[in-house]
There are 2 protein chains.
Amino acid sequence: MNIIIAGAGAMGSRFGYMLHKTGNEVVLVDGWPDHIEEIRTNGLQGTFNGEEIKEKMTIYNQNELSNVEFSADLVILFTKAMQLDNMMNSLKDMVGEKTQVLCLLNGIGHEDVVKKYVPESNILLGNTMWTAGLEGPGHVKLFGNGSLELQSLGNDETTAQEVIEVLNKAELNAKYSQHIRASIYKKACVNGTMNGLCTILDSNMAGFGETDVADSIVETIVNEFAAVGKHEGVELDIPAVLAQIKTCYNRETIGLHHPSMYQDLIVSNRLTEIDYINGAIARKGEMYGVETPYCTFLTQLVHAKEQILGAK
Amino acid sequence: MNIIIAGAGAMGSRFGYMLHKTGNEVVLVDGWPDHIEEIRTNGLQGTFNGEEIKEKMTIYNQNELSNVEFSADLVILFTKAMQLDNMMNSLKDMVGEKTQVLCLLNGIGHEDVVKKYVPESNILLGNTMWTAGLEGPGHVKLFGNGSLELQSLGNDETTAQEVIEVLNKAELNAKYSQHIRASIYKKACVNGTMNGLCTILDSNMAGFGETDVADSIVETIVNEFAAVGKHEGVELDIPAVLAQIKTCYNRETIGLHHPSMYQDLIVSNRLTEIDYINGAIARKGEMYGVETPYCTFLTQLVHAKEQILGAK
């Protein structure tokens, strides 16, 4: 299959590498010049389940695609949320009538952006539990196991199964879901609490979870996600979501980690994806007439923090 | 007049000193051993409008009042909000049927605590624009001008005027107000935005005020204060309050300062008064059936931060 990985950071590199190694024609597309240059010169390097890798792979800057002849059967989207629109625009000439577009970004509502470029029948909405690390330009650290679910927005399960077959040949553990939005909302609830709250409070997840206000704050936010989700046909299992969030507080497992938004803003001084997590719930809430004051306020606080820190 | 200053920190020392110098019998009561010891040994020291002072004054620890014979005509309350109940309890034997109690604490709803100890007719609710600095145990820095307003909760303006006369003999610029709660709410709106927000965002006032979300956050919080205030007979002039808050952003005047709550929590690792500002609005909102999600969430975030930092 001809596959474009749009956004070749840690996760994009993982998917690209695994699909490339199993016989697909993979093209990476990214916007980070140092990363692109390193992969062009020395290949994708690092470790895959503990073994050293150094793999020649095709990579383009999204700004230099006009001369590239490549007709994609599948595009897998892994950009940062705020770069999605730009990326879709850059890929226009490589996306044809039959190209399937698999959206694996974190957060809520990305299909609304993708729909501007691709008919709904060609969109696969997905949710992945894989992880990946980027240790520097061109250098990845890939270990552990994961899986993903996806669903065709046009209910074209037959075509979706062809994509699943290719993903599974690469051992990416894909399966078809009839309730992808519920999975996406559930994951977004974890991100919509841990990310923003730990960022604003300058705390790891255990530190926040052990305060006597954590339960009340988290429940209020999850209830806002659930109320908005109802308008999108999502029935969130609130007790299950709350239980999953609580696993983040465990000091023996992941509790002492800071979530990715904290890494983005506090460590790397980069703009966050809050507009596509709590901010998406605030926007959708307004649209559906659902009050979402906690999501709105948290989104505002994170934006204030970005501006105070001069994040870029 | 026999006057107890309950809470002899910076502001209590100012009022105590000025009232003592103009012929009143002043007793300071406090709970900080080093401060008490220093004043007992060397007097109240520091500067008053640039001039060195060293003034012998009577001071007691609030835990050692049982043997003290002093019948107060006036008690002026300047404790931290969370210490008020304890302080009123300590003063019981010194407060008689005719003792007026002037409450000058920052924040909202302190009269509900005072009422447990003193009939409403003896309570004077006040609001002061004086400032004062404490530079260490027993050492104050007092400069600039100020004023205060007060109102009798029992509408006993005649007795209130006697207190005002004593205060004005000490050049404290007191006057009677028919709308003290409106003044208190207005000041609480400034504290209820600048204090909590700058503390959570780790920012000075200008840094927050210059973000593109500041206006929207501040308006929402002030609207919650106004909605709750209505149930207490307070008609808040919202545009005037918003204009006053905006003066805090001015880099040429006070914008580069951090508000007092930031000093308490972030600098000194002390518990904050959030429960008596935004937290009071949240509690009263619940009582009156008024939604106050921003005040509630901000109160929770500040409590989370206190616990994460291990504040005492």
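Residues numbered from 1 in each chain as written. Chains lettered and ligands numbered in written order. Predicted model: local features only at pLDDT ≥ 70, side-chain atom pairs only at ≥ 80, totals over all residues. Heavy atoms only, no water.

Student: Quick question: what am I supposed to make of the relation of the copies chain B and chain A here?
Tutor: Relating the two copies of this chain is a rotation about some axis coupled with a shift parallel to it. For the pair chain B and chain A, the best superposition has an RMSD of 0.0 Å and corresponds to a rotation of 180° with a translation of 0.0 Å parallel to the axis. On the angle and the small slide along the axis, the relation comes out as a two-fold axis. Of the interface residues in chain B, 100% have counterparts in chain A that sit at the interface too, so the contact is made through matching surfaces. (Least-squares fit on C-alpha atoms with pLDDT ≥ 70 in both. Contact = heavy atoms within 4.5 Å.)

Student: Explain the pairing of strand β6 (residues 72-77) of chain B here, please?
Tutor: Two faces belong to every sheet, and in a regular strand the side chains alternate between them. Residues and elements named next belong to chain B. Burial analysis of β6 places 5 of its 6 residues in the buried class, the great majority of the element. Summarising the sheet, strand β1 (residues 2-6) and β6 pair through 4 bridges and their orientation is parallel. In the sheet register, I5 faces β6, and the bridge partner there is I76. Taken together, β6, helix α3 (residues 84-90) and strand β7 (residues 95-103) form a β-α-β motif whose crossover is right-handed. (Buried < 20%, exposed > 50% of the residue type's maximum accessible area, 1.4 Å probe, protein only. Helix = DSSP H or I, 4+ residues; strand = E, 2+ residues; numbered from the N terminus. Pairing = 2+ DSSP bridges. Right-handed = clockwise from strand over helix to strand, strands pointing away.)

Student: Where do I start with the interface of chain B and chain A in this structure?
Tutor: Interface extent is often summarised as the accessible area lost during association of the parts. On the chain A side, the residues contacting the 26 residues of chain B number 26 residues. Each partner contributes to the roughly 2200 Å² buried at the junction of chain B and chain A, and carbon and sulfur atoms together form 71% of this total. When residues of chain B are sorted by the area they lose upon contact with chain A, L201(B), Y294(B) and F297(B) head the list and together hold 29% of the total. In this assembly, chain B and chain A are joined by 0 salt bridges. (Buried area = accessible area lost by both parts, 1.4 Å probe. Salt bridge = Lys/Arg side-chain N within 4 Å of Asp/Glu carboxyl O.)

Student: Where do I start with the environment of L148(B) in this structure?
Tutor: Residue and element names in this part refer to chain B. With respect to the helices, strands and loops of the structure, L148 is situated in strand β11 (residues 148-152). Residue L148 is classed as buried on the basis of its relative accessible area of 1%. The contact partners of L148, leaving out residues within four places of it in the chain, are F15, L102, L104, N127, T128, W130, L167, L172, N173, A174 and K175.

Student: Help me out: how do you make sense of the UniProt feature "domain: Ketopantoate reductase N-terminal" (unreviewed entry) in chain A in this one?
Tutor: Look at the UniProt record and you will see "domain: Ketopantoate reductase N-terminal" (unreviewed entry) annotated at residues 3-153 of chain A. Secondary structure over residues 3-153 of chain A splits into 22% helix and 38% strand, and the C-alpha atoms at its two ends are 20 Å apart. (UniProt positions renumbered as here; feature names shortened; annotations may be inferred.)

Student: Any chance you could explain the packing of helix α8 (residues 214-230) of chain A against helix α9 (residues 238-247) of chain A here in plain terms?
Tutor: Angle between the axes and distance between the axes: these two values describe a pair of packed helices. All names here are of chain A. Where α8 contacts α9, the two axes come as close as 11 Å, and the packing angle between them is 135°. Taken together, the axis directions place α8 and α9 in an arrangement best described as oblique. Handedness of the crossing formed by α8 with α9: right-handed. Within the contact between the two elements, α8 uses D215, V218, E219, V222, N223 and A226 and α9 uses I238, V241, L242, I245 and K246. Of the residues in the contact of α8 with α9, the class split is 7 nonpolar, 1 polar and 3 charged. (Axes fitted to C-alpha atoms, helices over the stretch in contact; angles between N-to-C directions. Parallel < 35°, antiparallel > 145°, perpendicular 65-115°, else oblique. Left-handed = near helix turned anticlockwise from the far one by under 90°. Nonpolar A, V, L, I, M, F, W, Y, C, P; charged D, E, K, R; others polar.)

Student: Explain the domain arrangement of chain A to me, please; I cannot follow it from the model alone.
Tutor: Residue and element names in this part refer to chain A. Each assigned domain of chain A is listed with its residue range as follows: domain 1 (2-176) and domain 2 (180-309). Look at where the C-alpha atoms of domain 1 and domain 2 centre, and you get two points 25 Å apart. Every contact between the two is made by 19 residues of domain 1 and, on the other side, 18 residues of domain 2. Across the domain 1 to domain 2 interface the summed buried area is about 1700 Å²; carbon plus sulfur atoms make up 56%. Contact with domain 2 buries surface across domain 1, with M82, N106 and I108 losing the most and accounting together for 38% of the total. In this assembly, domain 1 and domain 2 are joined by 3 salt bridges. The residue K284 makes a salt bridge to D112 at a minimum N-O spacing of 3.7 Å. Run the count over domain 1 and domain 2 and you get 8 residue pairs in polar contact (both at pLDDT 80 or more). Secondary-structure elements contributing two or more residues to the side of domain 1 that touches domain 2 are α4 (111-114), β8 (123-128) and β11 (148-152). (Domains from an automatic or database assignment. Polar contact = N/O pair within 3.5 Å; in protein donor to acceptor, adjacent residues only side chain to side chain.)

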